[in-house]
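# Structure assessment
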Amino acid sequence: MKDKNVLLSLVPSLAGLLLAIGVMTVFSACGIKDDGTFMHCHDAQISVALSGGCIAVFFALAAFLKNRIARIIFNVAALVVSVRAFLLPGILMPMCMMRTMRCYTVMQPFVRIMTVICALFALWGIIRSLKK
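Calculation criteria
Residues numbered from 1 in each chain as written. Predicted model: local features only at pLDDT ≥ 70, side-chain atom pairs only at ≥ 80, totals over all residues. Heavy atoms only, no water. Helix = DSSP H or I, 4+ residues; strand = E, 2+ residues; numbered from the N terminus. Contact = heavy atoms within 4.5 Å. Expected span 1.5 Å × (residues − 1). Buried < 20%, exposed > 50% of the residue type's maximum accessible area, 1.4 Å probe, protein only. Polar contact = N/O pair within 3.5 Å; in protein donor to acceptor, adjacent residues only side chain to side chain.

Here we take up the environment of S9. Here S9 shows up in helix α1 (residues 2-9). Along the chain, S9 and F64 lie 55 residues apart, while their C-alpha atoms are 8.3 Å from each other. Apart from residues lying up to four places away in sequence, S9 is in contact with F59, A63 and R128.

Next up, the structure:
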């Protein structure tokens, strides 16, 4: 029974990993330009991937810690990073000029959906820890 609870506690961490891996593979931003340089959206892609990794680590730490206050702190940290990652592509970091490019049509919607899911997991973890 205890192993099942730990595995369920790691599901939010998988969401953070999916964000990081997805934004670097299937849901990546625009590719490399003909001259070998990257567009502005590449920086947003890298920042979102790093944020996804941080979210995964925060959720994993919250899953294994016994201290209720520490779990709340790591879930709050995951919530803050999720909100920041939501705002990264197009708001906090510039992207391509045309709204028809891959960064706007593929990466940004994926980031928005995944960060909302991560934020909901964080809120659920905070509420669950407060109730205990």
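On to helix α4 (residues 68-87). The first and last C-alpha atoms of α4 sit 29 Å apart over 20 residues, in line with the 28 Å expected at 1.5 Å per residue. Among the residues of α4, those classed as buried are A70, R71, I72, N75, A78, L79, V81, S82 and A85. Buried residues belonging to α4 abut α3 (41-64) and α5 (102-131). A side-chain oxygen of the first residue of α4 lies 3.0 Å from the backbone nitrogen of I69; this N-cap is N67.

By themselves, these figures tell us nothing about what the structure is for.
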